[in-house]
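# Per-entry structural report
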Amino acid sequence: MKISRRDLMKYAAIAGGSVLLPVAAPQAAFGADPNSRAGSPYTLPFRRPPVLPPVRSDGSTDYYQIIAQTGTQQFIPRKANTTVYGYDGMFPGPLIRQRKDRQSVVRMINNLDIPMSTHLHGMAALPEFDGWANDISQPGYYKDYVYPNNRAATIWYHDHAVHQTATNVNLGLAGMYIVYDEAVDNTLNLPKGPDLMGPGPYGPNTNYGPAYDVPLVLHDKLFDRRGEVDFDGDPTSLDDGDFKDMFGDVITINGVAWPRMPVERRKYRFRMLNASISRSYELQMTRGARFTMIATDAGYRSSPATVRRFIISPAERYEFVIDFSEFPIGEEIKLRNRSLPNNEDYNKTDDVMMFEVVSDPTTPDTSEVPSTLQLLPPLPVLLSQAQRTRELRFGRDFVPGNPVEQWTINGRVWDQNDMEANPPLEGIEIWNLVNNSGGWHHPIHVHLLDFMLIDRNGRPAEAYEQGWKDVFYLGENETVRIIGKFGPHAGRFMFHCHNLVHEDHDMMRGFQVGNVSTNPSSVVPPQPYDFNNPPVL
Ligand code: C2O
Ligand code: CU
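For clarity, every value in this text was computed on a predicted model and none was experimentally measured.

### Considering the overall build of the protein
Along the protein, the regular secondary structure elements total five helices and 34 strands. Here the C-alpha atoms of the protein give a radius of gyration of 22 Å, agreeing with the 24 Å that 2.2 N^0.38 yields for 537 residues. Overall size of the protein, expressed as C-alpha extent along the three principal axes, is 65 × 60 × 55 Å. A total of 537 residues make up the protein; the buried ones form 62% of that total.

Structure follows, in structure tokens:
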């Protein structure tokens, strides 16, 4: 049986809890095609998400407005106008670039036919603005989210609606958000350049950010025979009653299948986000090109690390510099995905994008990668301050009320009134993330705070993982130990697997920092939006 997206919504509404759908027989007509119908890699031009201008600004705050709505765009060579459910009707959503320590207010208007909750992943927001899964903006509602921007990092906003996050993000609800610290950036002298301007959705001089500081939103997608986003055709997809994962046969960067990016013979800084529903990648480049890693999820590393390959699982961010001056004009360097276990591979999922060296630099490249980026607390110092250790087991279990196995944390599933942990405000804790299944890996994300990875099965973190992070790749049969300080806010927050199919079914739990036990959904509820008489922002 085939279940349409609308049916899926209907089931979701009826089920009220986990979306439990009948097992669908694999359908060849709609399943991922090993010879992707999308077209050939490296034919479409590279594109950047446009920078969202604020509606207005005052001394402390920039006010932004985003309408979640339908739009069309070209994802794949074969079709120019695939429908997307996106922030301002595009995928990825517009790029928000904000200065550290200025406040943002983002008005998020739901003009779609699905429930939404918006989370800014990597921001230490108050609980009522953190995208609590049950804090739903129904169609026709809006909510003003307040963000302090108190640390500089590459973060992202995406949907977090309870039990529908995978579907909603697959529809297109994800975008990048950069908090930058101008003083630090000016001192570091990393590749940047003047802002690129050009025609775009926000006018003829739409800003696309600094020329040599480039966002890369990585996301695999499945398209049906008409070239529309496929929600239900993949035999391993959302509706198979297995809730395992959702893999696409097309790899996109900034919403373009396997793009081709012209580059000058100079250094570029890249900010990569894995916005995939389930897919983890191990990336490497052809021609012996190397990544100089400069930042992890939550900001700069202490010093750069040069690697030939790195793993990036859903929701992780890595920033790196590539120096194209090492290559002659005309060189083509491919960014490729080496397969990781328990990802579903298709013919072209090892292709990601291509850099084509087209010219000498237009102005001399005076940027550099300094040997010190930021002072970070040494791990032994943090460890000596730990007050408590907890164990969190990520598994698969039968839970009461569900006829099929669910993804679980310590044997339990999402319950917005039941907290898995209650660390004190400012408490420093070690969390042992345990995955004793050989069959699965889980990217584990904790809201609110950043952690450092202590060790993985007793071995030190990979070179590229060293620094503040909020997502940890928990591989098959691995135990990953992390340490962090629970703050800066008290209240209730979520932690979960960021394979969004696992999160929805139901590998997510709450934790409460300090003694503030208010349900975040009740603090600032979304309001109805009158499109004819819009409320003043
Ligand atoms: Cu990126 Cu709880 O989310
Ligand atoms: Cu998982």
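### Brief notes about the packing of aromatic side chains
Considering all chains together, one arrives at 31 aromatic pairs under this definition. Arranged with centres 5.0 Å apart and planes meeting at 75°, the rings of phenylalanine 291 and phenylalanine 320 form a pair that is edge-to-face. One end of the pair, phenylalanine 291, is in strand S18 (residues 291-296); the other, phenylalanine 320, is in strand S21 (residues 317-323), with 29 residues separating them in the sequence. The pair formed by phenylalanine 291 and phenylalanine 320 is uniform in burial state, with each residue classed as buried. For the ring pair phenylalanine 451 and phenylalanine 486, a centre distance of 5.9 Å and an interplane angle of 80° mean the geometry is edge-to-face. Pair noted here: phenylalanine 451 is in strand S29 (residues 451-456) and phenylalanine 486 is in the loop between strand S31 (478-485) and strand S32 (491-497), with a separation of 35 residues, a long-range link. This pair shows no difference in class: phenylalanine 451 is buried, exactly as phenylalanine 486 is. Joined through ring pairs, the aromatic side chains of Tyr212, Tyr268, Phe270, Phe291, Phe310, Tyr318, Phe320, Phe324, Phe355 and Tyr464 make up one cluster. Here the guanidinium or amino end of arginine 97 rests over the ring plane of tyrosine 180, the centre of that ring lying 4.7 Å away. We note arginine 396 situated over the ring of tryptophan 407; from NZ or CZ to the ring centre the distance is 4.6 Å.

### A look at the sheet that holds strand S30 (residues 471-474)
Reading across the sheet, the five strands line up as S26-S33-S32-S28-S30 and stay open at both edges, with mixed pairing between neighbours. Only two strands of the sheet have a single partner each, and these edge strands are strand S26 (419-421) and S30. This sheet shows a mean twist of 35° between the axes of neighbouring strands, independent of strand direction.

### Let's talk about the environment of valine 358
With respect to the helices and strands, valine 358 occurs in strand S23 (residues 351-359). Residue classification places valine 358 among the partly exposed residues on the basis of a relative accessible area of 40%. For the pair valine 358 and serine 104, spaced 254 residues apart in sequence, the C-alpha separation works out to 38 Å. If sequence neighbours within four positions are ignored, valine 358 has contacts with Pro262, Val263 and Ile329.

### Concerning the pairing of strand S6 (residues 118-121)
Both faces of S6 are covered, namely the face carrying Thr118 and Leu120 and the face carrying His119 and His121. Note that S6 and strand S8 (residues 153-159) share four bridges and pair antiparallel. Note that in S8 the partner of histidine 119 across the bridge is histidine 158.

### Quick word on unusual backbone geometry
Omega for the peptide link from phenylalanine 91 to proline 92 comes to -10°, which places this bond in the cis form. Positionally, proline 92 belongs in the loop between strand S3 (82-87) and strand S4 (93-99). Glycine 487 connects to proline 488 through a cis peptide bond whose omega is 5°. Mapped onto the secondary structure, proline 488 falls in the loop between S31 and S32. For asparagine 149, which is not glycine, the phi torsion reads 55° and is therefore positive. Here asparagine 149 shows up in the loop between strand S7 (141-147) and S8.

About the criteria used
- Residues numbered from 1 in each chain as written.
- Chains lettered and ligands numbered in written order.
- Predicted model: local features only at pLDDT ≥ 70, side-chain atom pairs only at ≥ 80, totals over all residues.
- Heavy atoms only, no water.
- Helix = DSSP H or I, 4+ residues; strand = E, 2+ residues; numbered from the N terminus.
- Rg over C-alpha atoms; globule rule 2.2 N^0.38 Å.
- Buried < 20%, exposed > 50% of the residue type's maximum accessible area, 1.4 Å probe, protein only.
- Phe/Tyr/Trp six-rings, centres within 6.5 Å; stacked < 30°, edge-to-face > 60°.
- Lys NZ or Arg CZ within 6 Å of the ring centre and 35° of its normal.
- Pairing = 2+ DSSP bridges.
- Axes fitted to C-alpha atoms, helices over the stretch in contact; angles between N-to-C directions.
- Contact = heavy atoms within 4.5 Å.

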